[in-house]
Amino acid sequence: MACQARLLNGGPYIPYVPEDTCRAWCALATSLGISDIDVCSIDWMAPVNWRAIAGDDKGEYTTGYKGDHDQHNGGNFTGAFMPLWAGYLLVCGFGILFSIITSIMVKLEQMYGGLVLSSENFNTAGRNIKTGLTASVIVSQWTWAATLLQSSNQASQYGIAGPFWYAAGATIQILLFGILAIEIKKKAPNMHTFLEMVDIRWGKTAHLTFLFFGISTNLIVTGMLLQGGSAVMTACSGMHPVAANFLIPLGVVLYTWFGGLKATFLASYIHTAVIMICLVVFITYVYAVPGDYECDALNGLCTSGYKSAECTEDHTKQCEALGSAAILWERLAFLTALPRMGTATPEGGLTVGTDEVNMRTDCILSDGTTCPLDSAVGRFDSGMPQTITCGCPGATPWLAGESVGCATGYDSATDTYSFNHPLGCYSPGDYHHGPVCDNRGGSFITMLSMDGLMFGIINIVGNFGTVFVDQSYWQSAIAARPSAAHKGYLLGGMVWFTIPMALATALGLSSLALNVKMPSSEAGSGLAPPAAAIVLLGKGGGIMIVLMLFMAITSTGSAECIAVGSLLAYDVYRKYVKPDCTGAELLKMTRYGVIFYGCVSGCFGTCLYAAGLSDNRFGLGWVYNFMGTMIGSAVWPVAACILMPRMTALGAIIGAWGGMILAIVAWIATAATRCSNGMDPDDECAGAASFDCDTGTLDIGTLGNLKAQLAGSLTALGASFILSELVTAFQLSRGTAKLFDWEIMKGIKRVELDKDLGVPDEEMSDEFLGPAQKYIFKYGMGYTIFLIFIWPLAVITWGVFTKSMYVLWASVVFMWGYAAAFAICAVPIWESWDTISAVLTCKKTPVKADA
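Residues numbered from 1 in each chain as written. Predicted model: local features only at pLDDT ≥ 70, side-chain atom pairs only at ≥ 80, totals over all residues. Heavy atoms only, no water.

*Asks:* Explain the overall build of the protein to me, and be specific about the residues and the numbers.
*Replies:* The helix and strand inventory of the protein stands at 29 helices and 10 strands. Relative to its full complement of 851 residues, the protein shows a buried share of 60%. Pairs at least 24 apart in sequence give 81% of the contacts found in the protein among residues at least 6 apart. Just so you have it, the protein exposes about 30600 Å², and 63% of that area is on carbon and sulfur atoms. (Helix = DSSP H or I, 4+ residues; strand = E, 2+ residues; numbered from the N terminus. Buried < 20%, exposed > 50% of the residue type's maximum accessible area, 1.4 Å probe, protein only. Contact = heavy atoms within 4.5 Å. Areas by Shrake-Rupley, 256 points an atom, 1.4 Å probe, with all protein chains shown as cover.)

*Asks:* Residues and numbers for the packing of helix α7 (residues 145-158) against helix α17 (residues 498-513), please.
*Replies:* Put simply, α7 and α17 touch, their axes get as near as 8 Å, and they point 55 degrees apart. Between α7 and α17, the crossing angle belongs to the class labelled oblique. Pair α7 / α17 crosses with right-handed handedness. Residues Thr147, Leu148, Ser151, Ser152, Ala155 and Ser156 of α7 lie in contact with α17, whose contacting residues are Ile499, Pro500, Leu503, Ala504, Leu507, Gly508, Leu509, Ser511 and Leu512. Of the residues in the contact of α7 with α17, the class split is nine nonpolar, six polar and no charged. (Axes fitted to C-alpha atoms, helices over the stretch in contact; angles between N-to-C directions. Parallel < 35°, antiparallel > 145°, perpendicular 65-115°, else oblique. Left-handed = near helix turned anticlockwise from the far one by under 90°. Nonpolar A, V, L, I, M, F, W, Y, C, P; charged D, E, K, R; others polar.)

*Asks:* I'd like a description of the nonpolar core, backed by residues and values.
*Replies:* Where a protein is soluble and globular, its nonpolar side chains tend to be buried together. With 210 residues, the main nonpolar core has Phe210, Tyr806 and Trp809 as its most contacted residues. A total of 17 residues in this core trace back to one element, the largest contributor, which is helix α8 (residues 161-187). If sequence neighbours within four positions are ignored, Trp809 has contacts with Ile160, Phe164, Met447, Met501, Trp791, Val795 and Phe801. Core analysis: the next-biggest nonpolar cluster, separate from the first, contains six residues, Val252, Cys561, Val594 and Tyr597 among them. (Core = buried A, V, L, I, M, F, W, Y, C linked by side-chain atoms within 4.5 Å.)

*Asks:* I'd love a proper account of the state of the cysteines, names of residues and values included.
*Replies:* Here, disulfide denotes a covalent bond that connects the sulfur atoms of two cysteines. Within this structure, the stated rule accounts for two disulfides. Here Cys3 is linked by a disulfide to Cys26, with a sulfur-sulfur distance of 2.1 Å. Torsion about the S-S bond of the Cys3 and Cys26 cystine: about 75 degrees, corresponding to right-handed handedness. Of the two residues, Cys3 sits in helix α1 (residues 2-8) while Cys26 sits in helix α2 (residues 19-32), which places them 23 residues apart along the sequence. Given the relative accessible area of 0%, Cys3 is considered buried. Note on cysteine connectivity: Cys22 is disulfide-linked to Cys40, with sulfurs 2.0 Å apart. As the torsion about the S-S bond is roughly 100 degrees, the Cys22-Cys40 disulfide counts as right-handed. Of this pair, Cys22 sits in helix α2 while Cys40 sits in the loop between α2 and α3 (50-53), and the two are 18 residues apart along the sequence. Residue classification places Cys22 among the buried residues on the basis of a relative accessible area of 0%. (Disulfide = S-S within 2.5 Å.)

*Asks:* Can you break down a nonpolar patch on the surface residue by residue, with the values?
*Replies:* On the surface, Ile785, Phe786, Phe789, Ile790, Leu793 and Ile796 cluster together into a nonpolar patch covering about 560 Å² of accessible area. If you trace the backbone, Ile785 turns up in helix α27 (residues 766-794). Ile785 sits in the partly exposed class, given a relative accessible area of 40%. (Patch = residues over 30% accessible without salt bridge, like charges linked within 9 Å, V, L, I, M, F, W, Y side chains within 5 Å. Salt bridge = Lys/Arg side-chain N within 4 Å of Asp/Glu carboxyl O.)

*Asks:* Go over the packing of helix α22 (residues 620-631) against helix α26 (residues 706-734), please, and point to the residues and values.
*Replies:* The geometry of α22 relative to α26 is characterised by a closest axis approach of 6 Å and an angle of 30 degrees between their N-to-C directions. The angle between α22 and α26 places the two elements in the roughly parallel class. The residues of α26 that touch α22, namely those facing Trp622, Asn625, Phe626, Gly628 and Thr629, are Leu706, Gln709, Gly712, Ser713 and Ala716. By residue class, the composition of the contact of α22 with α26 is four nonpolar, six polar and no charged.

*Asks:* So what's going on with the environment of Leu328? Residues and values would help.
*Replies:* Relative to the helices and strands, Leu328 is located in helix α13 (residues 325-337). Taking relative accessible area as the criterion, Leu328 reaches 0% and is therefore assigned buried. Put simply, Leu328 and Leu514 are 186 residues apart on the chain and 8.6 Å apart in space, counted from C-alpha to C-alpha. Setting aside residues no more than four positions away along its own chain, Leu328 makes contact with Tyr287, Leu322, Thr505, Leu509, Ser510, Ala513 and Tyr806.

*Asks:* Explain helix α20 (residues 539-577) to me, using residue names and the numbers behind them.
*Replies:* For α20, built from 39 residues, the straight-helix expectation of 57 Å at 1.5 Å per residue is met to within 8% by its first-to-last C-alpha distance of 53 Å. A large share of α20 lies buried, amounting to 30 of its 39 residues. (Expected span 1.5 Å × (residues − 1).)

*Asks:* If you had to explain the confidence of the model for the protein to someone new, which residues and values would you point to?
*Replies:* Predicted confidence across the protein gives a mean pLDDT of 78, with 76% of residues reaching 70 or more. Across the protein, element-level confidence peaks in helix α24 (residues 649-672) with a mean pLDDT of 95 and bottoms out in strand β2 (residues 350-351) with 36. Here residues 303-307 is modelled with pLDDT under 50, and outside its nearest four sequence neighbours on either side it reaches four contacts, counting other chains as well. Segment residues 847-851 is flagged for pLDDT under 50; beyond a separation of four residues in sequence, or across chains, it makes 12 contacts in the model. (pLDDT = per-residue confidence, 0-100.)

*Asks:* Got a sec to walk through the environment of Cys92? Specific residues and values, please.
*Replies:* Along the chain, Cys92 turns up in helix α4 (residues 84-112). Spatially, the C-alpha atoms of Cys92 and Ala244 are 9.8 Å apart, while their sequence positions differ by 152 residues.

*Asks:* Requested: an account of the side chain of Thr590, with residues and values cited.
*Replies:* Looking at where Thr590 falls in the secondary structure, it is placed in helix α21 (residues 583-614). In terms of polar contacts, Thr590 uses its side chain to reach the backbone carbonyl oxygen of Leu586, at 2.8 Å. (Polar contact = N/O pair within 3.5 Å; in protein donor to acceptor, adjacent residues only side chain to side chain.)

*Asks:* Please give an account of helix α19 (residues 528-537) that cites residues and values.
*Replies:* Counting buried positions along α19 yields nine of 10 residues, so the element is predominantly enclosed. All of the buried residues along α19 are Ala528, Pro529, Pro530, Ala531, Ala532, Ala533, Ile534, Val535 and Leu536. Following α19 by one or two positions, Gly538 has its phi on the positive side, about 75 degrees.

*Asks:* Give a description of the pattern of salt bridges that names residues and reports values.
*Replies:* Considering all chains together, one arrives at nine salt bridges under this definition. Notably, a salt bridge pairs Lys803 with Glu330, separated by 2.6 Å at the nearest N-O pair. You can see Lys803 sitting in helix α28 (residues 803-831) and its partner Glu330 sitting in helix α13, a full 473 residues away along the chain. Between Arg646 and Glu725 there is a salt bridge whose closest N-O contact spans 2.5 Å. Within this pair, whereas Arg646 is found in the loop between α23 (635-643) and α24, its partner Glu725 is found in helix α26, the two being separated by 79 residues in sequence.

*Asks:* Please set out the packing of aromatic side chains residue by residue, giving values where relevant.
*Replies:* Counted according to the given criterion, the structure contains 41 aromatic pairs. Aromatic side chains Trp622 and Trp667 sit 6.1 Å apart centroid to centroid with 70 degrees between the ring planes, which places their arrangement in the edge-to-face category. Placement of the pair is Trp622 in helix α22 and Trp667 in helix α24, with a sequence separation of 45 residues. Classification of Trp622 by relative accessible area gives buried; the value is 14%. On the basis of relative accessible area, Trp667 is assigned to the buried category, the value being 9%. A ring pair is formed by Trp798 and Phe801, whose centres lie 5.1 Å apart and whose planes are at 65 degrees; its orientation type is edge-to-face. Judged by relative accessible area, which is 1%, Phe801 ranks as buried. Taken together, the ring pairs connect Phe164, Trp165, Phe497, Phe786, Trp791, Trp798, Phe801, Trp809 and Trp816 into an aromatic cluster. The residue whose ring lies beneath Lys187 is Trp742, and the NZ or CZ to ring-centre distance is 3.9 Å. (Phe/Tyr/Trp six-rings, centres within 6.5 Å; stacked < 30°, edge-to-face > 60°. Lys NZ or Arg CZ within 6 Å of the ring centre and 35° of its normal.)

*Asks:* Lay out the side chain of Thr648 with the relevant residues and their values.
*Replies:* By the secondary structure assignment, Thr648 is in the loop between α23 and α24. The contacts of Thr648, once residues within four sequence positions are left out, are Trp202, Thr728, Gln731 and Ala737.

This is the structure:
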C-alpha cells in the first residue's frame, strides 16, 4: 500500500493532511483493496479549484454570471483562463475563418470538380455525397454542445451508466434513420424537405402541423447549442452570455450563406476531425499519461538514488493526475466510501465528515468564541428548510474547521452553510463524497443505476424527435448518393457513439476522481469537461475543450441554419407565397432564411439565459430532458409517412397534437407530486425521508424532476403511436381512407432539372436499392438491439465493477475512440482523393456517370 509506505517512512505529508488523517484514510483504503494510489497524496477535504488553476485572478467560486459586464473584465472574471478579447476573437474570428476556407473549397470544386451552385445544389449538395463525408457530417451535426458537456454531467451524476445511456440512447436513432435514407431514394428521390413529403401525402393541415414541430425541433437544438456555448465562453473568457448568444450564430450564418449545404458539409469534416483529435488526446491523457513524482508511491524512492530533499519536496505536493483506468477506479471507490458532507440524518444529527479530518459542527458568538450545536434538522442546501438551534444564546450556527478561512459560515441569501478549510470555504455541493443514490452499492462504477436507466429512456425518446423531426438529418440523407446513404449513417452512428461514451467516461468521471470543485449547478451548465481538462492539462486542456465546443456549435448550428432556410424557402415561400418561383428566387430566399434564423437563434438563446437567471436549476440538462415531451409525439407520424402506406392524414395529425397535449398533462401531473425542491417523495437518499415533503408546487425544480420528464417523454411517444394507429384503423375500417400509392411521392418536382453529378443511373434502380435496404435494416436493427439490450444485459451480472472489470470496460472505450478517430478522418480523404488531387494539380476532372 502506497499510503502505508508514507506512514512507515514518517512522512512527508501534504499540507492539511497530517499523520492522523493519513492513518485513518489509509485504513479505509486498505479495507477497499486500494493499492495503486496513495490516498494521502490528495486532500479529499479540499476540492480542487479548477478556476484558480485556469488563472483566475480572484480565485473564488461563483455559480454563474450574475453581475453586469463592467464588474467582470477580462481575466478578472471568475474562472476565466483567456482574456475577454481572446473570447471575442475566437467566436468572431473562427466564423470568418471558416467562411473563407469553405468558400475557397467550394470555389475550387466549382473550378476542378464540376460543381454548379444552383438552388438545388445549395440545398441538396448535388445529392452525390459519398460514404465517408456523409458519416463525418452525421457525426458533426449530431455532436451538439450537450454531447460534449451534458454527457459528462450524466457521468458525474450516475457514474458509467450516464455516458453509456447517453451514447447508446442517441446512437440508435442515427442507425435507424439509415433505413429512412434508403426509403427516400426509393420513394421520393426529388424531395428537398421532409415536409414536401408530408404535404403531397397528407395535405395542408398536416403540412402546417409538422412545420410547427420541425421548427420547434430546430429551435430546441439550437437553444441547447447556445446554452452550452455561452456558458463555457462566459466561464472561460468573461464574455457576456447575451453577446455570446448573438455572436456564435454570426460565423455560422456567414459560411452557410456563401456555400450552402456543400460548404456546411466541407466545414463539418474539419470540425469532426478536430473534435476526434482532441478526444484522442484527452482519453490518452486520462488513461495513459501518469503524473509527476508526487503521484508515485513513496516506497523505495528515497533510498534508490532519489535525493531525500527532492523526495520530501515532491511528496508534499498534491497528486492531480490519473494515468490508468485502475487509478481512476481506485479514486472513485475511495470517494464513495467517504462520508457525505452536510446532510442531516433521520435522527436529527449532522454528517460533516470524520473526526480525523478536523471538521466539526460549531456555533459562533459575536466575539469569535464557539459553543456546541444543540440540534440540527434539515439538509444544508438551498432546497430544504433548516431548523438550527445553538446551545448558547445569541450564537450563529455554522460549520467550522481548525482554522478560520470563512468570513461567515452561513449565507442567509442562499440559505447555505460553508465548510471552513485552511484553503478556503466549501459548501456541501462542492464535494462528491459518499455513495451515489439509486446506484448498486452506491458506486459510480456500475451499470445498475435506476436514475441512469430513467435518463436513458428519456434520452432515447427525446433524440428520436431531434433526428426524425429535424430537417437537417433528412437533408443529409437527401444529399447522400444512394450507394452511400445507408453506409454513411451506419458508419456515422458507430463513430459518434465514442464521443459521449469515451469523452464522458474519461472527463466526466475524472471530474469526480480528481476531487474537482464542481457543484451540481455548474455540472448542469456543462462545466465538468473544462474543469477536468484544466486540472489535468492546465490552460491547454481548457482551450482544447473550448475548441471542441466551438467546432460542435458551428457545425450543428450551420446544419440547423441551412435546414430552417430550406424549410422557409420550399415549405413557406414556394408552398404558400409563390408556387411558380424560379431557382434563383429559391436560392435568395434560402439565404434570407439563414440570416433570419441566425437572428431568431440569438433571441431564443437569450431567452433561455434569462430563464436560467431567474432559477439556476434551469440549464442545459433541463432543456435536454424536456425535448422528448415537446417533440416526441411527432416521431411516429413522420416516420410512418415514408414507411407505412396505411397511415392517414387525420391519424397523423391527431397523433402529433394529441400526443403532445397528453405528454404535457402527464409531465405537469407528475411534477405536482414531486417535492417542492424537485426531489422525489420516496427518495431516502441523504436522509431525505426525515423531512416533510411539500408537494403540489409547479416550478423549475419540480418540472425538471427526472420522473416528471420521463412521464412526459414516454407519454409523447406512446400516446402518439396509439392515437394515430386507432384513428387510422377506424378510418380504414369505415372505408373513408385507403392505402397510399408510393408513386405519388415521385411527383415532387425539382425547380431546376439538374442531373445529379457523378451518380450512375443504376444506383437509383430497385435492383440496387433493394439490397441496400436489406443491408441497413439488418445492421441498423442489429446494432440497435446490441446497444440497447444485449450490452446492458450482459453486464448486469457484473454488479459493482471490480477493478479488472472496469479496466476491461475502459479498454474497449479507449480502442473504440482511436479506431473511430482514424476512420472518420481517413475515409473521406481516401474517397475524395481524385478531386483533391485534381485541385492540387490544377486539373479539371470530368464528371462521369459511373463515377
